[in-house]
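Residue-level structural notes
Chain by chain, the residues run as shown.
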Amino acid sequence: MNVNPAAYAYAISGTDIPSEFEQGANYTFGSSDFTVKNQYGGTYSVPIGDSWTVTSSNPSVIAVSGNTIMGGSESGTATLTFSLQDGNNKVSYNFNVSEVPSSDVATYTLSAPSTIYASSNSAYYGAVSVTGKDSSGNTVAVNNSATVAQLLTSNSATVAIVSNSQIEGVASGTATITALSSTGSVLGTATVTVSTTPGTCVGIVQ
């Protein structure tokens, strides 16, 4: 009886990281942002203990710090090299990322959990994120701190409140979360249901 060797990370075949960054945008990546293949060609589930590193060919355009990618001070394109250390095996992946001006962001999408549990415990909060797309449909990581994160509102504070890009469920019901631009225009909305049933957290709405 032949027993195949244990699977290990053999190649990185793709990533969900945005290919464009607005100046000042941040994106913290992890294993879930990559498609990793094993030596048999199957999808490899990266162990929690494995470590990622990333370097940028042009930090003035796209800078990196730990697992966070940041839009730099200049427009242009940089090549990011991601490396995964999986035991004694190391695999790398090159990915081109561009920094674009805010005027290139054509549309925005607000994403939030469809259902959260009513609790003041932050472990039950729901994360809100805003992404953009350019006129060609490419995803753009937006500068939340400057344009979006401080401009998230809830239409029913008795049901849900939002602060620092986190939704806290207050009481059973529904609330509409709205992201506004610095000029007050609506960038996106999401309806969130707050449940009093423990363990409830369903999907992401956009």
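Please refer to the structure placed before this passage.
Okay, so let's go over this structure. All values reported here derive from a predicted model rather than from experimental measurement.

Within the fold, Glu168 resides in strand E16 (residues 166-169). It turns out Glu168 is buried and unbridged, and the closest side chain with the opposite charge, Lys133, is 30 Å from it. For Glu168, the side chain forms a polar contact with the side chain of Tyr125, separated by 3.2 Å. In this structure Glu168 touches Ile116, Ser119, Ser120, Tyr125, Val159, Ala160 and Ile161, once residues within four positions along its chain are discounted.

Attention now goes to the nonpolar core. Judged by nonpolar contacts, the single largest core of 24 residues is most densely connected at Val36 and Phe82. Taken together, the elements giving at least two residues each to this core come down to strand E1 (9-15), strand E4 (34-38), strand E5 (51-56), strand E8 (76-86) and strand E9 (89-100). Ignoring sequence-local partners within four residues, the contact set of Phe82 consists of Ile12, Ile17, Phe29, Phe34, Trp52, Thr53, Val54, Ile69, Val91, Ser92, Tyr93 and Phe95. Of all hydrophobic cores here, the second largest spans 22 residues; its members include Ala112, Ile116, Leu152 and Val162.

The next point concerns the sheet that holds strand E7 (residues 68-71). Spatial ordering of the open sheet is given by E3-E7-E6, a layout of three strands whose pairing is antiparallel. Looking along the sheet, the strands with just one partner apiece sit at the ends: strand E3 (26-28) and strand E6 (62-65). Ignoring which end each strand starts from, the neighbouring axes of this sheet average 20° apart. In the sheet, E3 pairs with E7 via three bridges, with the strands oriented antiparallel. What sits directly across from Thr28, in E7, is Thr68.

Scoring rules and cut-offs
- Residues numbered from 1 in each chain as written.
- Predicted model: local features only at pLDDT ≥ 70, side-chain atom pairs only at ≥ 80, totals over all residues.
- Heavy atoms only, no water.
- Helix = DSSP H or I, 4+ residues; strand = E, 2+ residues; numbered from the N terminus.
- Buried < 20%, exposed > 50% of the residue type's maximum accessible area, 1.4 Å probe, protein only.
- Lys, Arg positive; Asp, Glu negative; His and termini not counted.
- Salt bridge = Lys/Arg side-chain N within 4 Å of Asp/Glu carboxyl O.
- Polar contact = N/O pair within 3.5 Å; in protein donor to acceptor, adjacent residues only side chain to side chain.
- Contact = heavy atoms within 4.5 Å.
- Core = buried A, V, L, I, M, F, W, Y, C linked by side-chain atoms within 4.5 Å.
- Pairing = 2+ DSSP bridges.
- Axes fitted to C-alpha atoms, helices over the stretch in contact; angles between N-to-C directions.

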